[in-house]
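Notes for the structure review
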Amino acid sequence: MLVNPAIPPSPGLALELSGGAYVGNDMVPVRDLEAEPWPSNYQARSGANLGVGFARVEVGGSERGWNMAYFYRRDRLLEASRDTVDAYVLNQHGEIVGQDRTYGLDYHLRGFSADGVRVGYSEAMPFGSGKGLVWGASVSLLRGQEVREEEVRGELVSLAGSATLNGRREYYDSSLRPQAGDGGFNDFIPPELMTAESGWGFGLDLGATWYGASGATLSVAVNDLAGMIHWDRVPMIGQRVNNLHDPFEPGSSDPAVTGRNVYESLTYRLKPKVMVSGAYPFGPVVLMARLEGLDGHWFPQVGASYAMTPEMRVGIEYETRFGGVEAHLRHRNYYLSLATQSLDLADSRVFGITAGWRRSF
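Remember, it's a predicted structure, so these values are computed and weren't measured experimentally.

1. Quick notes on the pattern of salt bridges
Applying the stated criterion across every chain yields a total of 25 salt bridges. Between Glu264 and Arg260 there is a salt bridge; the shortest N-O distance is 2.7 Å. A relative accessible area of 42% means that Arg260 is categorised as partly exposed.

2. Considerations on unusual backbone geometry
Cis peptide bonds are those with omega within 30 degrees of zero, and the linkage from Glu36 to Pro37 qualifies with 0°. Relative to the helices and strands, Pro37 resides in the loop between strand 1 (14–25) and strand 2 (48–63).

3. Focus: the packing of aromatic side chains
What the rule picks out here adds up to seven aromatic pairs. For the ring pair Tyr280 and Phe282, a centre distance of 5.3 Å and an interplane angle of 55° mean the geometry is tilted. The exposure class assigned to Tyr280 is partly exposed, which follows from its relative accessible area of 42%. Among the aromatic residues, those joined into a cluster by ring pairs are Trp66, Tyr121 and Trp135. When the ring centre of Phe71 is taken as origin, the NZ or CZ atom of Arg56, which lies over that ring, is 4.8 Å away. Just above the ring of Tyr335 sits the side chain of Arg330; from NZ or CZ to the centre is 5.4 Å.

4. Quick look at the side chain of Glu317
The topology assignment puts Glu317 in strand 13 (residues 312–319). By relative accessible area, which is 9% here, Glu317 ends up buried. One polar contact links Glu317 to Arg290, side chain to side chain, over a distance of 2.7 Å. Apart from the residues lying within four places of it in its own chain, the contact partners of Glu317 are Met288, Arg290, Gln301, Val302, Gly303, Gly324, Val325, Glu326 and His328.

5. Considerations on the pairing of strand 15 (residues 334–340)
Sheet analysis places strand 14 (residues 324–331) next to strand 15, joined by six bridges and oriented antiparallel. The partner of Leu329 across the bridge, within strand 15, is Leu336. With seven bridges connecting them, strand 15 and strand 16 (residues 350–360) associate as antiparallel partners. Bridge pairing in strand 16 places Tyr334 opposite Trp357.

6. Focus on the confidence of the model for the protein chain
Across the protein chain, pLDDT averages 93, with 98% of residues at or above 70. Within the protein chain, the element-level pLDDT minimum falls on strand 9 (residues 257–269), averaging 93, and the maximum on strand 13, averaging 98.

7. Re a nonpolar patch on the surface
On the surface, a nonpolar cluster with roughly 1200 Å² of combined accessible area is contributed by Leu13, Leu15, Leu17, Val59, Trp66, Met68, Tyr70, Val117, Val119, Tyr334, Trp357 and Phe361. Only strand 1, strand 3 (66–81) and strand 4 (101–128) provide two or more residues apiece to the nonpolar patch. Ranked by residue count, the leading element in the nonpolar patch is strand 3, at three residues. Relative to the elements of secondary structure, Trp66 occurs in strand 3.

8. Observations concerning the environment of Val28
By the element assignment, Val28 lies in the loop between strand 1 and strand 2. Taking C-alpha positions, Val28 is 9.0 Å from Ala44, a pair spaced 16 residues apart along the chain. Setting aside residues up to four positions removed in sequence, Val28 forms contacts with Leu33, Trp38, Pro39, Tyr42 and Arg349.

About the thresholds
Residues numbered from 1 in each chain as written. Predicted model: local features only at pLDDT ≥ 70, side-chain atom pairs only at ≥ 80, totals over all residues. Heavy atoms only, no water. Salt bridge = Lys/Arg side-chain N within 4 Å of Asp/Glu carboxyl O. Buried < 20%, exposed > 50% of the residue type's maximum accessible area, 1.4 Å probe, protein only. Helix = DSSP H or I, 4+ residues; strand = E, 2+ residues; numbered from the N terminus. Phe/Tyr/Trp six-rings, centres within 6.5 Å; stacked < 30°, edge-to-face > 60°. Lys NZ or Arg CZ within 6 Å of the ring centre and 35° of its normal. Polar contact = N/O pair within 3.5 Å; in protein donor to acceptor, adjacent residues only side chain to side chain. Contact = heavy atoms within 4.5 Å. Pairing = 2+ DSSP bridges. pLDDT = per-residue confidence, 0-100. Patch = residues over 30% accessible without salt bridge, like charges linked within 9 Å, V, L, I, M, F, W, Y side chains within 5 Å. Areas by Shrake-Rupley, 256 points an atom, 1.4 Å probe, with all protein chains shown as cover.

Below you can see the structure in the form of structure tokens.
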């Protein structure tokens, strides 16, 4: 869900409506991400196990290089070590005791939702003979609606007759509401009742596309460069765990769990998304390769498209990290794409759909 602001300038007014959503992860089918417990045939890879989710809806217009749009977006990024995934599933199934293993816990979940207004400008710099460069930039004003940022670091020791947890956790979540609880991990019991308000921030997008005389293209884009959203008050649970024994259900008087429940200000730093792509035509067939990056993780893609008519192309792409395959249909005025990792959607670890419409006047 990356936007290249290097849009070829339209001589007249153009209106556009677009939307899409994408979910992909290393571990379980998309339908099981929120399930409890996860299925026993989950997958965990060495190093970072990822889960990503993006959604965006946008309506706007452009004229003579200037463009403006209203949008709504949701972003999620989950990172967890293999030990964390294994321990999470074992605990869900009540099998964490007796593993004779030490698990290093390393987990980070961050995400937000926001709406806003984007204003941009693009310009073409022709070189002659069909060659040229289009560059573009846009600035977004963001009204943050929801935010969640959670980090866990620690160690879980599983022996023959017990399991012991040590570590720390910081958990910011705008959806938390004060409640009378028993001191469980997710019970938010602040000393003073307050209201959590919307956040405000900005984002910067840059991009450029080079068009060769042969029909080849090369594009580079960066989204959310130096972007941030600031919330004045967000519910926050901070915890330190020292020798908490299974079952891991701390009570209000449990000395193994200490910490605080408070409202804190939070400056959420948007992680820049990076894209480099290239395409080269061979008659009606165009071969392409693209590399997208987010927070040090890379998602290579390769694909091809075929011109059914001068205005319509069909194509297919393969993404190597999650193993997703995307089929798309692109017309001068509209496009549609679907992505999955398995023909059986119920077992797919990837699901994506995008659609858009554009009309020039």
